[in-house]
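# Results of the structural survey
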Amino acid sequence: TNGITGIPLAIPATNTSGTYGLNRASYTWWRNYSSTAVGAYTTNGPDAMDLLSLNVQLAGGKKPDFYVTTKTVFQKMKKDARSTVNFDPTYSGKYREMLNDQGIESISFEGSPVIWDPYCDSGKIYGIRRDALYLGTFEEFDVAGPYPLEGSGVQGKVVFVRWGGQLLCEEQRALGQLSGVS
């Protein structure tokens, strides 16, 4: 149901279901922090973000490296960034140059960048640690032929290359999400 949206697949909305063939109801070390109980960001604002950050730290030891959310939630955060101490309307940390080079707009929450993604699940906020989430890729080559190259009297082989990528979550306990808008 998530199509090719990688983050919702790697960080599912519940603590009892998910990918990679592990029973997340039994293996508590595999559960990400997921909460709607603290209320939507629209209602609780930075307090909900504080709780998300603290619970990810309890699970993984460090705060998230960055946060990803929808455009709607991001706009609400930008407004908060002008009037609250947790947020800053400009991000100046270690990912600044990388985000600027890619033209990604960001604000700062407790020193971590918050970015918006048009493919993010509606109303969600994801806290992500870089050492827990990465892109897994594979290549596969298939050599076929020889095929006649018409008109030249020469035969040649053709190489077909298949490539795929998927976000992999190595340590779901280091990740978290909030219900953003309700």
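The structure contained in this document is the topic of the report that follows. (Residues numbered from 1 in each chain as written. Predicted model: local features only at pLDDT ≥ 70, side-chain atom pairs only at ≥ 80, totals over all residues. Heavy atoms only, no water.)

## Brief notes about the overall build of the chain
Broken down by element type, the chain carries five helices and nine strands. Overall, the chain shows an N-to-C arrangement of helices and strands of α-β-α-α-β-α-β-α-β-β-β-β-β-β. Within the chain, buried positions represent 37% of all 182 residues. Pairs at least 24 apart in sequence give 66% of the contacts found in the chain among residues at least 6 apart. Surface exposure of the chain reaches about 10500 Å², of which carbon and sulfur atoms provide 52%. (Helix = DSSP H or I, 4+ residues; strand = E, 2+ residues; numbered from the N terminus. Buried < 20%, exposed > 50% of the residue type's maximum accessible area, 1.4 Å probe, protein only. Contact = heavy atoms within 4.5 Å. Areas by Shrake-Rupley, 256 points an atom, 1.4 Å probe, with all protein chains shown as cover.)

## A closer look at the environment of P12
Within the secondary structure layout, P12 lies in the loop between α1 (6–10) and β1 (33–35). The buried category is assigned to P12, whose relative accessible area is 9%. Counting along the chain gives 21 residues from P12 to Y33, while the straight-line C-alpha distance between them is 10.0 Å.

## Examining the sheet that holds strand β9 (residues 176–179)
With mixed pairing, the seven strands of this open sheet are ordered in space as β1-β9-β6-β2-β5-β4-β3. Either end of the sheet is taken by a strand with one partner, and the two such strands are β1 and β3 (87–88). Pairing geometry for strand β4 (residues 106–109) and strand β5 (residues 112–116), over four bridges, is antiparallel. Within β5, the position partnered with S108 by the bridge is P113. The strands touched by helix α3 (residues 46–60) are β1, β2 (66–69), β3, β4, β6 (124–128) and β9; relative to β9, the strand with the most contacts, the crossing angle is about 155°. (Pairing = 2+ DSSP bridges. Axes fitted to C-alpha atoms, helices over the stretch in contact; angles between N-to-C directions.)

## Quick word on α3
Along its 15 residues, α3 runs 21 Å from first to last C-alpha, staying within 8% of the 21 Å computed at 1.5 Å per residue. Burial in α3 covers these residues: P46, A48, M49, L52, S53 and V56. All buried residues of α3 fall inside an arc of 155° around its axis, so they share one side. Of the residues in α3, the exposed ones pointing more than 90 degrees away from the buried face are D47 and L58. Two residues or fewer past α3, G61 is found with a positive phi of approximately 95°. (Expected span 1.5 Å × (residues − 1). Arc of directions from axis to C-beta.)

## A short note on the side chain of Q177
Its place among the elements puts Q177 in strand β9. Exposure remark for Q177: the relative accessible area of 2% places this residue in the buried category. A polar contact is formed between the side chain of Q177 and the side chain of K124, at a distance of 3.2 Å. (Polar contact = N/O pair within 3.5 Å; in protein donor to acceptor, adjacent residues only side chain to side chain.)

## Observations regarding the pattern of salt bridges
Evaluation of the coordinates by the stated rule reveals three salt bridges. K78 is paired through a salt bridge with E105; the nearest N and O atoms lie 2.6 Å apart. On the criterion of sequence distance, the pair formed by K78 in helix α4 (residues 71–81) and E105 in the loop between α5 (96–101) and β4 is long-range, its members being 27 residues apart. A relative accessible area of 25% places K78 in the partly exposed class. Overall, E105 belongs to the partly exposed group, its relative accessible area being 39%. Residue R162 is joined to E140 by a salt bridge in which the shortest nitrogen-to-oxygen separation is 2.5 Å. With R162 in strand β8 (residues 154–169) and E140 in strand β7 (residues 133–149), this pair connects stretches of sequence that are 22 residues apart. Taking relative accessible area as the criterion, R162 reaches 39% and is therefore assigned partly exposed. (Salt bridge = Lys/Arg side-chain N within 4 Å of Asp/Glu carboxyl O.)

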